[in-house]
Amino acid sequence: MIYCQKFDNISELKRQLQKVEPDLHPRLNQNEIVNVSIFAFLSSILDYDEVSGTLQVVTSFMLTWMDEIRQWNSSEYGNVTSVNLPITSTWIPKINVANMVRHNSIFMYHNEMEIRKSYVNYKSDGIAVYQVSGVQELSCSSNVKYFPLDSHACSIQLTTTQVFDYTILKPVMKTIDLTYGVSNPKWSITENFVESDVTEYTSKISFNITLSRNPSFLFLNLVVPIVLLSFANLLVFCIPAASGERGSLAFTILLTFVVFITLVTDILPACKPISYFNIFLEVQLFCSVLITFCAVWSITLHHKFAENDSQEFFSTIVTANELCVS
């Protein structure tokens, strides 16, 4: 049998439910705790900036709780078992994102229309379901010790906003749902787990992820050229000093290392621990400076000895001519 949900029944039900003040806890006893279950979806990783330590992700949170006040007998309202109420006229939990960069609220609406069109779905037995989505810019410290094979531990930290709020946040799953997530060409998620912490004053849930860099692009365009240049630096002494190209090659490779250091400085943050790759690059720069010094010194010695040999040669010729004349 199919029941028709008439306009009059739904409008009357909404009027009855909206008579309750939205600031009141959804409990008959206002001192009782409200358990809010949270289910997290991660849609995509937009960007992660290692220098500033900020992560941009698109996430969705489904919140579920029991409302003891907004319940009804469905048979009295034309068998209406579900209804949507605007968030402005009903109770919703107040949740903050503790490590948000600019805004700290989980509810990120850009205009009044988005607020007016956001609803909480209520069942006749009092089960309330509310879903919120948005782009979140989070603070996430970077660890570039093993760059470009680095990994970074990041988290989305949800907390209750007020002391003695009588709201407890509980995760539904031990992991974040990545089923419908869009892959990022630069980063991949290698670890994913959820932690919860309830104290006397606050409730907190941390949705933790580990970002691992996809190193193929940087490996081919940064690591391989520097390694090849380090071997090419040794070819300086294979060039004859008389040709005059030994010094030119040494200075060219030295300037190339300086350019690579400038590129790496723009990529890596100025923090500890220092990247092993950065140390390797500095060592190569020191070796290049040493090779350039040795190349210039060898060229100087070559021309000095050549000049001395030519002077001795001319002296020998003059002496032989004098002997012949005498």
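Before reading on, note that the structure itself is shown above.
Only a predicted model underlies this, so the values are computations on that prediction, with no experimental measurement involved.

## Here's the deal with the pattern of salt bridges
A pair can form between side chains of opposite charge whenever their charged atoms are brought close.
Item 1. This model, assessed by the stated rule, comprises 6 salt bridges.
Item 2. Arg-27 serves as the salt-bridge partner of Glu-68, at 3.9 Å between the closest nitrogen and oxygen. Remark: Arg-27 occurs in the loop between helix H1 (7-17) and strand S1 (34-49) and Glu-68 occurs in the loop between strand S2 (54-66) and strand S3 (82-86); sequence separation between them is 41 residues.
Item 3. Each of Glu-50, Asp-150, Lys-186 and Arg-213 takes part in salt bridges that share partners, so that together they form one network.

## Thoughts on the side chain of Glu-137
Item 1. Note that Glu-137 resides in strand S6 (residues 127-139).
Item 2. Glu-137 sits in the buried class, given a relative accessible area of 17%.
Item 3. The residues touching Glu-137, leaving out its near neighbours within four places in the chain, are Thr-54, Leu-55, Gln-56, Asn-99, Met-100, Val-101 and Arg-102.

## A look at the side chain of Asn-233
Item 1. By the element assignment, Asn-233 lies in the loop between helix H3 (216-232) and helix H4 (246-267).
Item 2. Apart from residues lying up to four places away in sequence, Asn-233 is in contact with Ile-253, Phe-257, Cys-287, Ser-288 and Ile-291.

## Concerning the packing of aromatic side chains
The geometry of an aromatic ring pair is captured by the separation of the ring centres together with the interplanar angle, meaning the angle of the planes.
Item 1. The full count for this structure, using the stated rule, is 7 aromatic pairs.
Item 2. Taken together, a centroid distance of 4.6 Å and an interplanar angle of 80 degrees make the contact between Phe-39 and Phe-41 edge-to-face.
Item 3. Here Tyr-146 and Tyr-276 contribute two aromatic rings whose centre-to-centre distance is 5.7 Å and whose plane-to-plane angle is 75 degrees, an arrangement assigned as edge-to-face. A residue pair is termed long-range when its members are at least 10 positions apart, and Tyr-146 in the loop between S6 and strand S7 (151-160) and Tyr-276 in helix H5 (residues 276-325) qualify at 130 residues.
Item 4. Judged by its relative accessible area of 46%, Tyr-276 falls in the partly exposed class.
Item 5. An aromatic cluster of at least three residues, connected via ring pairs, comprises Phe-147, Phe-277 and Phe-280.

## Concerning the sheet that holds S1
Item 1. Pairing is mixed in the open sheet, where 6 strands are placed in the order S3-S5-S6-S2-S1-S8. For this open sheet the edge positions go to S3 and strand S8 (167-171), each flanked by a neighbour on one side alone. Sheet twist, expressed as the mean angle between neighbouring strand axes with direction ignored, is 30 degrees.
Item 2. Pairing geometry for S2 and S6, over 13 bridges, is antiparallel. Each residue of the ladder has a partner; that of Thr-54, found in S6, is Ser-139.

The rules we used
- Residues numbered from 1 in each chain as written.
- Predicted model: local features only at pLDDT ≥ 70, side-chain atom pairs only at ≥ 80, totals over all residues.
- Heavy atoms only, no water.
- Salt bridge = Lys/Arg side-chain N within 4 Å of Asp/Glu carboxyl O.
- Helix = DSSP H or I, 4+ residues; strand = E, 2+ residues; numbered from the N terminus.
- Buried < 20%, exposed > 50% of the residue type's maximum accessible area, 1.4 Å probe, protein only.
- Contact = heavy atoms within 4.5 Å.
- Phe/Tyr/Trp six-rings, centres within 6.5 Å; stacked < 30°, edge-to-face > 60°.
- Pairing = 2+ DSSP bridges.
- Axes fitted to C-alpha atoms, helices over the stretch in contact; angles between N-to-C directions.

Read these as spatial facts, not as claims about activity.
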